[in-house]
Amino acid sequence: MEDSEIDSFFRVRDKEPRIVDKDLFETVEEVFDKATVQAILKLMRRGVLRSLKGVVSAGKESRVYWGKGPGGRDLAVKIYLTSSAEFRKGMMKYIIGDHRFDKSVPKSTRKLVILWAKKEFNNFTEFYKAGVSVPEPICQYENVLVMEFVGENGVRAPLLREADLTLEEYTAIFRGLVEDVRKAYLRAGLIHGDLSEYNVMVWNGRHYIIDVSQAVPVTHPNAAELLLRDLRNITSFFEGVGVSVPPLSKVLHYVTGEVSELEY
Ligand code: ATP
Ligand code: MN
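Residues numbered from 1 in each chain as written. Chains lettered and ligands numbered in written order. Predicted model: local features only at pLDDT ≥ 70, side-chain atom pairs only at ≥ 80, totals over all residues. Heavy atoms only, no water.

This brings us to the coordination of the manganese ion (ligand 2). Bound to the manganese ion (ligand 2) are the protein donor atoms N199 (OD1) and D211 (OD), situated 2.2 to 2.3 Å from the metal. With a gap of twelve residues between them, N199 in the loop between β8 (190-191) and β9 (200-203) and D211 in the loop between β10 (206-209) and β11 (216-217) connect regions that are remote in the sequence. Assessed through its relative accessible area of 7%, N199 is described here as buried. Look at D211 and you get partly exposed, because its relative accessible area is 22%. (Donors = N, O, S within 2.8 Å, 3.2 Å for Na, K, Ca; no water. Helix = DSSP H or I, 4+ residues; strand = E, 2+ residues; numbered from the N terminus. Buried < 20%, exposed > 50% of the residue type's maximum accessible area, 1.4 Å probe, protein only.)

Bringing the nonpolar core into the picture now. Counting 57 residues, the largest nonpolar core has F127, L160, L177, I209, F238 and V255 as its most contacted members. Formed jointly, this core draws a minimum of three residues from each of two domains, domain 1 (3-156) and domain 2 (167-255). The residues touching L177, leaving out its near neighbours within four places in the chain, are L160, V200, H207, I209, I234 and F238. (Core = buried A, V, L, I, M, F, W, Y, C linked by side-chain atoms within 4.5 Å. Domains from an automatic or database assignment. Contact = heavy atoms within 4.5 Å.)

Using the criterion set out here, one finds eleven salt bridges in the structure. Measuring nitrogen to oxygen at the nearest pair gives 3.9 Å for the salt bridge that ties D33 to R110. Taken as a pair, D33 in the loop between α2 (22-25) and α3 (34-45) and R110 in helix α5 (residues 109-129) lie far apart in primary sequence, 77 residues in all. Residues E142 and R110 are paired through a salt bridge, measuring 2.9 Å at the closest nitrogen-oxygen approach. On the criterion of sequence distance, the pair formed by E142 in the loop between β4 (137-141) and β5 (144-148) and R110 in helix α5 is long-range, its members being 32 residues apart. One network of salt bridges, with partners in common, ties together D33, R110 and E142. (Salt bridge = Lys/Arg side-chain N within 4 Å of Asp/Glu carboxyl O.)

Turning our eyes to something else, we now look at the packing of aromatic side chains. For the coordinates displayed, the defined rule picks out seven aromatic pairs. Aromatic pair F174 and F238: ring centres 5.3 Å apart, planes at 50 degrees, arrangement tilted. Of this pair, F174 sits in helix α6 (residues 167-188) while F238 is found in helix α7 (residues 223-240), placing the two residues 64 residues apart along the sequence. According to the relative accessible area criterion, F238 is buried, its value standing at 0%. A ring pair is formed by F237 and F238, whose centres lie 5.1 Å apart and whose planes are at 85 degrees; its orientation type is edge-to-face. For the pair F237 and F238, one class covers both residues: buried. Pairwise contacts between aromatic rings join Y170, F174, F237, F238 and Y264 into one cluster. (Phe/Tyr/Trp six-rings, centres within 6.5 Å; stacked < 30°, edge-to-face > 60°.)

Sheets are built from strands paired through backbone hydrogen bonds, the pairs being either parallel or antiparallel. The five strands lie next to each other as β1-β2-β3-β5-β4, forming an open sheet whose pairing is antiparallel. Here the strands that pair on one side only, and so sit at the sheet edges, are β1 (51-58) and β4. Across the sheet, the mean angle separating the axes of adjacent strands is 25 degrees when strand polarity is ignored. Those strands touched by α5 are β3 (74-80), β4 and β5, and its axis lies near 160 degrees from that of β4. (Pairing = 2+ DSSP bridges. Axes fitted to C-alpha atoms, helices over the stretch in contact; angles between N-to-C directions.)

This part is about empty space enclosed by the protein. All told, the structure shown has one cavity of 30 Å³ or more when counted by the stated rule. A volume near 90 Å³ is recorded for the largest cavity. Residue assignment for the lining of the largest cavity shows that the elements contributing at least two residues are α6, β8 and α7. Per element, the largest residue contribution to the lining of the largest cavity is three residues, and it comes from α6. There are two domains that each give the lining of the largest cavity at least three residues, and those are domain 1 (3-156) and domain 2 (167-255). (1 Å grid on protein atoms, 1.4 Å probe; cavity = no way out; pocket = protein on both sides within 12 Å on 5 of 7 lines; lining within 4 Å. Points joined across faces, edges and corners; volume = space filled by probe spheres on them.)

Where α6 contacts α7, the axes come no closer than 10 Å and their chain directions differ by 170 degrees. Taken together, α6 and α7 sit at an angle that is classed as roughly antiparallel. Where α6 abuts α7, its residues Y170, I173, F174, L177, V181 and Y185 lie against L227, L231, I234, T235, F237 and F238. For the contact of α6 with α7, the class distribution of residues is eleven nonpolar, one polar and no charged. (Parallel < 35°, antiparallel > 145°, perpendicular 65-115°, else oblique. Nonpolar A, V, L, I, M, F, W, Y, C, P; charged D, E, K, R; others polar.)

Not every one of the 17 residues close to ligand 1 is listed here, only the nearest: S62, K78, V150, R156 and D211. In this structure, N199 approaches ligand 1 through a side-chain N or O atom, which is 3.4 Å from an oxygen atom. At a separation of 2.5 Å, an oxygen atom of ligand 1 approaches a polar side-chain atom of D211. Look at ligand 1: alone it shows 600 Å² of surface, and the protein chains cover 80% of it. Here ligand 1 occupies the largest pocket. Classifying every residue of the shell around ligand 1 by side-chain character gives ten nonpolar, three polar and four charged. In terms of domain composition, the shell around ligand 1 takes at least three residues from each of domain 1 (3-156) and domain 2 (167-255). (Near = heavy atom within 4 Å. Polar contact = N/O pair within 3.5 Å; in protein donor to acceptor, adjacent residues only side chain to side chain. Areas by Shrake-Rupley, 256 points an atom, 1.4 Å probe, with all protein chains shown as cover. Sits in = over half its atoms within 2 Å of the grid points.)

What follows is the structure in structure tokens.
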């Protein structure tokens with residue numbers, strides 16, 4: 001059954017009139033190998049995923065789809081491409097030095113990409129538990145990660161970069177993000193490592209931090225540098241939109257818990 005389903009899928013790709021699961025496959029393009037298609041089918045059989053709908057984002061290393069879950073719930077399905085060799089270099093500096101993942105680094109690219117997906121899922125879970133505003137993580141299987149969809153009817157929410165907000169809204173989000181970085185540091189012991197206006201979504205007046213695969217423990221050799229870069233990105237973005245922002249050193253001392261209050 002499984003293999004024939006998959007073979008039929010590839011026949012559909014060859015334009016033979018054999019539709020297997022229209023809902024699933026009409027949107028899954030040539031980017032996926034058999035193993036990935038199999039992983040998606042597994043999630044459907046498990047009942048985590050009902051259907052995969054439109055593409056939300058097509059990056060070099062991953063694609064994000066809008067999907068439906070049980071009860072018609074909107075889901076975001078992030079699928080890492082396993083064919084990207086470039087990927088390896090970029091990932092290594094966030095895997096080596098992360099005590100959770102650097103004990104046995106796989107040789108094959110596919111296995112490494114699966115480890116990367118697992119790392120993102122674990123990071124999401126830790127952030128979520130610490131009360132950091134991230135989409136709710138739902139599950140990860142092989143190179144597929146399922147989470148809460150931020151947006152509506154398959155239309156994703158704007159990124160912070162794209163949002164058009166009032167000064168009050170920007171100010172509230174800035175403060176919320178500072179609190180999130182602090183919770184991440186003190187409760188989850190993690191540093192995002194790629195925080196910027198491109199990895200924050202804004203929906204219903206609330207912000208959601210996304211793209212957490214590279215997040216590392218505070219014990220990582222580059223932790224200080226990454227934290228500083230995250231804070232610099234955030235403070236300079238909000239300064240640029242007119243928010244009055246405390247000096248970087250004060251923000252840093254606040255998020256690491258050296259001081260218990262931040263004056264705005
Ligand atoms: P990029 O290189 O484009 O940043 P990436 O591999 O880093 O891609 P993400 O940043 O996690 O992947 O996701 C890519 C895009 O998909 C985001 O910019 C956002 O537009 C969309 N996206 C990610 N997560 C969600 C979500 N939970 N709900 C809705 N849209 C999402
Ligand atoms: Mn991103």
